[in-house]
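Fold and geometry: a report
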Protein chains: 2
Amino acid sequence: MPTLYEISVPIFTRALRNLDHLLEKAAGSGIDEQSLLEARLSPDMLPLTRQVQIACDTAKLAVTRVAQTEPRPMEDTETNLTELRDRIARTLAYLNDAAPAAFDGRETAEIIMKFPNSEMKFTGQSLLTDFSLPNFFFHVTTAYGLLRMKGVPIGKMDFLAGGSGGS
Amino acid sequence: MPTLYEISVPIFTRALRNLDHLLEKAAGSGIDEQSLLEARLSPDMLPLTRQVQIACDTAKLAVTRVAQTEPRPMEDTETNLTELRDRIARTLAYLNDAAPAAFDGRETAEIIMKFPNSEMKFTGQSLLTDFSLPNFFFHVTTAYGLLRMKGVPIGKMDFLAGGSGGS
């Protein structure tokens, strides 16, 4: 049976590397960078910059909460693709620092997520299956969709396999 | 540690119920249904109808392959939201029929996915973590993005928690 580590860190790592690959292709596309960063699927949805930031944070905070690792705050100050790729690199480094053993025995641990007007209760396991994985892929996929909508030459294999997946 | 069943069937079931909830809201939105069904994020991406069909198939085929359940072919003939919701219902029924015990011991089983010009090799576990979950959420999220882009009144909690999540 997979461990909680195996259903979080390697999945996040793989997808964030692929997201970095997508942003690299975006940077090389010649498409106006500001228009990419500000792209939204609808006027009341978040732009590309925030999609990447939240994807990073969802992965990072899942590890912080489940493995009880030291929090590593990251300010949302990125203003270009290079800085977003650096945010991804810092998130990948944080994931890489997480010890698999720190996830052991956290399956039934109570984890409470607090929001301004509510809270959600999870176990270590359900945080990953019911919130972190769906939310993480929501933001990575939306980032992909925004780049594709703006004409960046990427395809499904870039999403699934990144730089190792051909086109 | 979670079982392979726990990192597939309940996750797919939850997200497909939420997707059904999104389509129900779409049907009640008063927005021209044909324009929703044909919506694409870019001209060379698949329309909403195909996003829903592939989300269903990704979940269904993951279970077929990992749990070695009887295949249940479903033709891609849906032409309206009601039929797409029926496709989701039939997929949910298939997932519900899968016995948790059928996933046991399939972690390292070799599973080969064949494409017209290539093949991908997985284990039972890596099929779920490296392909099925990312691909499934790709299509569910893209369906959400298309509905949102077209003005259907849905929000993030509809994606994460469906009918039980308020707005």
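Here the structure is shown first, and the text comes after it.
Residues numbered from 1 in each chain as written. Chains lettered and ligands numbered in written order. Predicted model: local features only at pLDDT ≥ 70, side-chain atom pairs only at ≥ 80, totals over all residues. Heavy atoms only, no water.

1. Some details on the packing of aromatic side chains
The test is simple: Here a Phe, Tyr or Trp ring, Trp counted by its six-membered ring, pairs with any other such ring whose centre lies within 6.5 Å, and the pair is stacked when the planes are under 30 degrees apart, edge-to-face when over 60, and tilted otherwise. Under the DSSP-based scheme used, a helix requires at least four consecutive residues in state H or I and a strand at least two consecutive residues in state E, with every element numbered from the N terminus. For a ring to carry a charge above it, either NZ of a lysine or CZ of an arginine must fall within 6 Å of the ring centroid while also lying within 35 degrees of the normal to the ring plane.
Counted according to the given criterion, the structure contains 15 aromatic pairs over all chains. Taken together, a centroid distance of 4.8 Å and an interplanar angle of 65 degrees make the contact between Phe12 of chain A and Phe136 of chain A edge-to-face. Here Phe12 of chain A, found in helix H1 (residues 9-27), pairs with Phe136 of chain A, found in helix H5 (residues 124-149); they are 124 residues apart in sequence, far enough to count as distant. Centre to centre, the rings of Tyr144 of chain B and Phe159 of chain B are 5.7 Å apart; their planes meet at 75 degrees, and the pair counts as edge-to-face. With a gap of 15 residues between them, Tyr144 of chain B in helix H5 (residues 124-149) and Phe159 of chain B in helix H6 (residues 156-161) connect regions that are remote in the sequence. Chaining the aromatic ring pairs together yields one cluster made of Phe12, Phe136 and Phe137 of chain A together with Phe12, Phe136 and Phe137 of chain B. In this structure, Lys156 of chain B packs its charged tip against the face of Phe138 of chain A, placed 4.7 Å from the ring centre.

2. Focus: the relation of the copies chain A and chain B
The following threshold applies: The superposition of copies rests on a least-squares fit of C-alpha positions from residues with pLDDT of 70 or more in both. The contact criterion used throughout is that any non-hydrogen atoms of two residues lie within 4.5 Å.
In the superposition of chain A on chain B (RMSD 0.0 Å, axial shift 0.0 Å), the rotation amounts to 180 degrees. What the rotation and shift describe, once combined, is the action of a two-fold rotation axis. A high fraction, 100%, of the interface residues of chain A reappear at the interface in chain B, so the copies pair face to face through one surface.

3. Describing the environment of Ser8 of chain B
Residues and elements named next belong to chain B. For clarity, the threshold we go by: Whether a residue is buried, partly exposed or exposed follows from its accessible area with a 1.4 Å probe, protein chains only, as a fraction of its type maximum: under 20%, in between, or over 50%, in that order. Polar contacts here mean pairs of N or O atoms no more than 3.5 Å apart (in protein, one a potential hydrogen donor and the other a potential acceptor; neighbouring residues in sequence count only if both atoms are side-chain atoms).
Inspection of the secondary structure assignment puts Ser8 in the segment before helix H1 (9-27). Here Ser8 falls in the buried class, since its relative accessible area comes to 0%. Along the sequence, Ser8 and Leu133 sit 125 residues apart, while their C-alpha atoms lie 7.6 Å from each other. In contact with Ser8, not counting residues within four places along its chain, are Phe103 and Leu128. A polar atom in the side chain of Ser8 sits 2.8 Å from the backbone oxygen of Leu4.

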